[in-house]
Each structure stands twice: as C-alpha cells, then as structure tokens.
Amino acid sequence: MIIDRAEVIVTSPDRNFVTLKLTTDEGLTGLGDATLNGRELAVVAYLKDHVVPLLLGRDAHRIEDTWQFLYRSAYWRRGPVTMAAIAAVDMALWDIKGKAAGMPVYQLLGGASRNGLLAYGHASGKDNEALFDSIRSHQEQGYKAIRVQTGVPGLKSIYGIASNATYEAMEGVRYDHEPAQRGALPNEEDWDTRSYLRHVPTVFEAVRNEFGPELPLLHDAHHRLTPIQAAKLGKSLEPYDLFWLEDVSPAENQEALRLVRQHTTTPLAIGEIFNTVWDYQQIIREQLIDYVRSAVTHTGGISHLKKVLDYASQYQIKSGMHGPTDISPVGMAAAMHLGLSIHNFGIQEYMQHGAKTDRVFQQSFTWEGGFLHPGDRPGLGVELDTDEAGKYPYVQAYLPYNRLADGTVHDW
C-alpha cells in the first residue's frame, strides 16, 4: 500500500492548525496533526520542503521504519519542529493502518485497558467569586477533575485566566482556550513571583472550603519559578491535596526537580515542551516526576510517545497528555487512542474546541460523565472537511510573554 499523495493543510477556524493528509494508491487517507502554536509555518515548511518528497512511493504500512527514517536520516535531530512533523506522519500512518484493518487505532495498540479516559478542564477567574463560578460551570459540563488558575492581586494579565481584558474583544473566545494573540506582535503580560506565592495557597484553601476534599484539583505554574520557589509552592499546597502541580520550573533544568522533591510530596507533572524520550531519561529514571505531560503532536506521534510512557511505567509514572485547543482534534484523537490502550494512563487534559473547529474536523469521540472515548470508527476517527477548512486562512498569531516590574523578560 503505497503513499502516492501528501498534502499540508493550514486552516484557522478558531485558531491555526496544521494538518498532514496522506493518500494511498488504494484510496485510503490518513490525517496527522502538526500544529506548533505560534510557530505553525515553520512546521509547514519542514513538511512541504523536506518531508513530503520523502514520503511519496513509501509503503504506508511501514510505520516504525518510516519513523526511524525521518528521525535518523535528517541528522539534525529532536526539537519541536522536527518532532511535530514526524508526529504528523506517524499519526497519519496509524490512521491509514486502522482504516485498512477496519479497526480503531486503540485496538491495534493492544485494545482498551479501561472503559474511558478521565479528563480535566480549565477553571479560572480574576478573583475567587469568578473562579468558583468557573468551577461550577465545569462541573455542570461533566468534569470530575479541574485545573484551577487564579488572578493575582496587582497583576493585570496572567497566564490561564479567561477574563483578561486584553482578550475580551476576541469574539467571545475564552483567553485560556486561545492564548495565541492574533496580530503582528506578541502580547506583553506582567509577573510578580512573590505575590503569586503568597496568593495561590489562599485560593486553594478557599476552593477546598467551598467544594470539599474529594474534587481532584490541578494547578499549572507554567515554568515561572526557580527550584526553591517551586519547592516552597509545592510544600504550601500540600494541605490541599492537589492531583498534581504542573511545570513548576523551566523544564530544561531537570536537576532542579531533585531539590523540589526534597521539600514536597505534592505530585509533579512536567513535559509539555519535551519532544523525545531522551528529554525524560533522567527525570523518569530518578523518579522526579509523577506524570508525563507530552502531547502526541509534539513528541513524535503515537509510536514515540508510547515508548516514553512504556519507559515511565517501569517507575509507576503515569500519563497526563497535553490537550489544549492548540492540539487539533486529530492530535486529541491520537491521544485518546493511546491513552485508552496503555496501562499507566493517569488523566487527559481536555479543552473543548470551538464550533468552527468542530465543523472543519468531523470527530467520532464521546464525552460522557467526565470521561472521553475515541469511538470505534476505523483509524483515528477524524475526517477533515477541506471545503470548510478553506474558509479559514492562516492568521499570524503569537503566544504572550512576561516582563517583571523592572522590565526584565521572564518565563511565561
């Protein structure tokens, strides 16, 4: 079964998405997600100019061989652009293989290890009243686990808060669903670590008092803390029994997590900016984390992320796959199939896409009682409406960045 056509499709319904569509000589098609938020066109060029010419004429059944060929033949390895491009090819080939077999991809990965995937949503608010309203709204939508992000007194604009005034004019799209600002330049936000460290524990105390001890709560520090600051935050949040504390310090400094572990028993999740199993080697081997946060889209696809999670399973570390709205429905479907099949599934991030996106990408997954299921349609279970996609051309967009009060650029 030979790949005889490959198309790179860029569309921007509610945000920018990059999709690879492969077609075989037997007429089967497969989709892969190659979206890299804020740097989408870099992956488009990598696919169009370098990868697509290598795919034509290849056997679509040889998924592992194709993965190794694309990774090793480039010589320049790893990195988000390379791994997102390879991920798109890998997903598309699994999609094709599932359709050829007449089976959903999770069956090809060994079958279901559970009935559904526990998912968490993103509640946020400038103050506790708005935050409580957001939590209740998510509970009404069926979420049984909720990430809590809060405004900080004195800061005008902060990561993960839906009600930021800067974004209120964006056609009703919640900021935490679309952090990439459309425009020629990135938006500047402000940051003060000491204020944040003082405020966050009081918020979680209030949330626990309002919603009780049973609701699983998560929080994302988004790489903004030094190791000792991260340790302080983890320790201060211990009384509130978090499901996890995410991305406490810049992920490049993996040894920092040793210090954090010495000071807190709050579970740690990290890895949404990691791209390969080699990024995880030390922190998995030394058991410095509890959850792997990588996205299928940015970590070489189903084939490679499964290897990361198989490695993690030896150390009782579970999955917590990245699933914001900059992962397209194709990438989300791949995550669901992988999560359903592995033994060490932990939780799945799930931010609901907008109506325009759902018209472009026709999906078969279900969302019921706080659990996701990819469905039993052959392949990944997503089809792309090319006519609908054509209505939404690419729009330049950047993720925001932070500055401290003295003007220093800080991790966002």
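The text that follows walks through the structure, step by step, so that each part is easy to find. This structure is a prediction, so every number in the text was calculated from the model and none was measured.

1. Some remarks on the packing of aromatic side chains
Right, on to step 1. Across all of its chains, the model carries 17 aromatic pairs by this definition.
Right, on to step 2. With a centroid separation of 5.7 Å and an interplanar angle of 20°, the aromatic rings of Y71 and W278 are classed as stacked. Of this pair, Y71 sits in helix α2 (residues 63–72) while W278 sits in helix α9 (residues 277–285), and the two are 207 residues apart along the sequence.
Right, on to step 3. Residue classification places W278 among the partly exposed residues on the basis of a relative accessible area of 34%.
Right, on to step 4. Taking the centre distance of 4.8 Å and the plane angle of 50° together, the rings of Y143 and W367 count as tilted. One end of the pair, Y143, is in the loop between α5 (128–140) and β5 (145–150); the other, W367, is in strand β15 (residues 366–368), and 224 residues separate them in sequence.
Right, on to step 5. The class of W367 is partly exposed, set by a relative accessible area of 22%.
Right, on to step 6. Taken together through their ring pairs, the aromatic side chains of Y120, F243, W244 and Y291 make up a single cluster.
Right, on to step 7. The cationic tip of R224 hangs over the ring face of Y196; the distance from NZ or CZ to the ring centre is 5.3 Å.

2. Things to note about the sheet that holds strand β19 (residues 401–403)
Right, on to step 1. With mixed pairing, the 3 strands of this open sheet are ordered in space as β7-β19-β20. Taken across any chain shown, the strands that pair with only one partner, and hence form the sheet edges, are β7 (188–190) and β20 (409–410).
Right, on to step 2. Here 3 bridges tie β7 to β19, and the two strands are oriented parallel to one another. Bridge pairing in β19 places E188 opposite Y401.

3. Side note on the environment of R194
Right, on to step 1. Considering the arrangement of structural elements, one finds R194 in helix α6 (residues 193–211).
Right, on to step 2. On a C-alpha basis, the gap between R194 and Q229 in space is 8.9 Å, while along the polypeptide they are 35 residues apart.

4. As for the pairing of strand β3 (residues 29–33)
Right, on to step 1. Most of β3 is tucked away, with 5 of its 5 residues classed as buried.
Right, on to step 2. With burial as the criterion, each face of β3 is covered, one bearing T29, L31 and D33 and the other bearing G30 and G32.
Right, on to step 3. Relative to β3, strand β2 (residues 17–24) runs antiparallel, the two sharing 5 bridges. Residue pairing in the sheet places L20 in a bridge with G32 of β3.

5. Describing the environment of T35
Right, on to step 1. As for its placement among the helices and strands, T35 is situated in the loop between β3 and α1 (40–55).
Right, on to step 2. Residues T35 and A87, spaced 52 residues apart in sequence, show a C-alpha to C-alpha distance of 9.9 Å.
Right, on to step 3. The contact partners of T35, leaving out residues within four places of it in the chain, are N16, F17, V18, E40, T297, H298, D326 and S328.
Right, on to step 4. A distance of 3.0 Å separates a polar atom in the side chain of T35 from the backbone nitrogen of V18.

6. Regarding unusual backbone geometry
Right, on to step 1. One non-glycine residue, H222, lies in positive phi territory at about 55°.
Right, on to step 2. Looking at where H222 falls in the secondary structure, it is placed in the loop between β8 (217–220) and α7 (227–237).
Right, on to step 3. Located in the positive-phi region is D241, a residue other than glycine, with phi close to 50°.
Right, on to step 4. Topologically, D241 is positioned in the loop between α7 and β9 (244–246).
Right, on to step 5. Using a relative accessible area of 53% as the deciding quantity, one classes D241 as exposed.

The rules behind the values
Residues numbered from 1 in each chain as written. Predicted model: local features only at pLDDT ≥ 70, side-chain atom pairs only at ≥ 80, totals over all residues. Heavy atoms only, no water. Phe/Tyr/Trp six-rings, centres within 6.5 Å; stacked < 30°, edge-to-face > 60°. Helix = DSSP H or I, 4+ residues; strand = E, 2+ residues; numbered from the N terminus. Buried < 20%, exposed > 50% of the residue type's maximum accessible area, 1.4 Å probe, protein only. Lys NZ or Arg CZ within 6 Å of the ring centre and 35° of its normal. Pairing = 2+ DSSP bridges. Contact = heavy atoms within 4.5 Å. Polar contact = N/O pair within 3.5 Å; in protein donor to acceptor, adjacent residues only side chain to side chain.

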